[in-house]
Amino acid sequence: MKKAQHTPVEKEIRPINFLYHRTEVKISHLIDQVPVAKELFKEAVKLDLHPTGPIHWHYIGFTGVASKSFLLEVCLPVATIPSDYDGEFHFKRTENFKTLSVLHEGAWDEIPKSYEILMKCIEKNNYQPIGITRELYINADFTDPNANVTEIQMGIK
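Summary of the structure given here. (Residues numbered from 1 in each chain as written. Predicted model: local features only at pLDDT ≥ 70, side-chain atom pairs only at ≥ 80, totals over all residues. Heavy atoms only, no water.)

### Looking at the packing of aromatic side chains
According to the stated counting rule, one finds eight aromatic pairs in the structure shown. Look at W57 and Y59: their rings are 6.4 Å apart centre to centre, the planes differ by 50°, and that puts the pair in the tilted class. With relative accessibility at 8%, the residue W57 sits in the buried group. Between Y59 and F62, the aromatic rings sit 6.3 Å apart at their centres with planes inclined by 50°, giving tilted as the arrangement. Residue classification places Y59 among the buried residues on the basis of a relative accessible area of 8%. In this structure F62 comes out as partly exposed when scored by relative accessible area, which is 36%. Three or more aromatic residues joined by ring pairs form one cluster here, namely W57, Y59, F62, F70, W108, Y137 and F142. Its guanidinium or amino end placed over the ring of Y20, K92 lies 5.1 Å from that ring's centre, counting from NZ or CZ. Directly above the aromatic system of F97 lies the positively charged group of R134, at a separation of 4.0 Å from the ring centroid. (Phe/Tyr/Trp six-rings, centres within 6.5 Å; stacked < 30°, edge-to-face > 60°. Buried < 20%, exposed > 50% of the residue type's maximum accessible area, 1.4 Å probe, protein only. Lys NZ or Arg CZ within 6 Å of the ring centre and 35° of its normal.)

Put into structure tokens, the structure is as follows:
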């Protein structure tokens, strides 16, 4: 049974602390980044950090062109940022993030339909995208992809 797409909502996300990994990637190599989430959780446990939310993927400069590279940050929200960290990952605290958000329920191969809904809403309401999109993996079910729940947050001015 196909789940209904949700209506986009404009909102502002308050600042968040992240432990993250940044890489330049093409869309065809995104699957290679899936194991990074597990490594971020391992690092958070090692540092005795408290995770405060689901894994995020931040797409920076992604234009939809499959052959073009863009920046990807695989991020784990954490309660605090240690001042003396010197490891393989990075920390940051974001600024407020104005976004048009939609909830995608179901398999990720259907996620372009949710992006299409966002893009139509952006065009209809004359929003200006800022080139940063976040995907929050509220439930990532590798056994039953139809049980996936992903919030897509497209940054806007």
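Read on, since the account is not over.
### Quick notes on the pattern of salt bridges
Counted according to the given criterion, the structure contains eight salt bridges. With a closest N to O distance of 2.3 Å, E73 and K92 form a salt bridge. With a gap of 19 residues between them, E73 in strand β4 (residues 70-77) and K92 in strand β5 (residues 90-93) connect regions that are remote in the sequence. Between K113 and E110 there is a salt bridge, with the nearest N and O atoms lying 2.7 Å from each other. A residue is classified by how much of its surface remains accessible, and K113, at 40% relative accessible area, is partly exposed. Under the relative-accessibility criterion, E110 is labelled partly exposed at 31%. Ionic contacts of the salt-bridge type, sharing partners, join the residues R22, E73 and K92 into one network. (Salt bridge = Lys/Arg side-chain N within 4 Å of Asp/Glu carboxyl O. Helix = DSSP H or I, 4+ residues; strand = E, 2+ residues; numbered from the N terminus.)

### As for a nonpolar patch on the surface
On the surface, a cluster of nonpolar side chains totalling about 320 Å² of accessible area is made up of I31, V34 and F142. When you line up the elements, V34 lands in the loop between β2 (17-25) and α1 (36-46). By relative accessible area, V34 is classed as partly exposed at 31%. (Patch = residues over 30% accessible without salt bridge, like charges linked within 9 Å, V, L, I, M, F, W, Y side chains within 5 Å. Areas by Shrake-Rupley, 256 points an atom, 1.4 Å probe, with all protein chains shown as cover.)

### Re the environment of E116
Note on placement: E116 falls in helix α2 (residues 111-124). Sequence separation between E116 and R14 is 102 residues; the distance between their C-alpha atoms is 26 Å.

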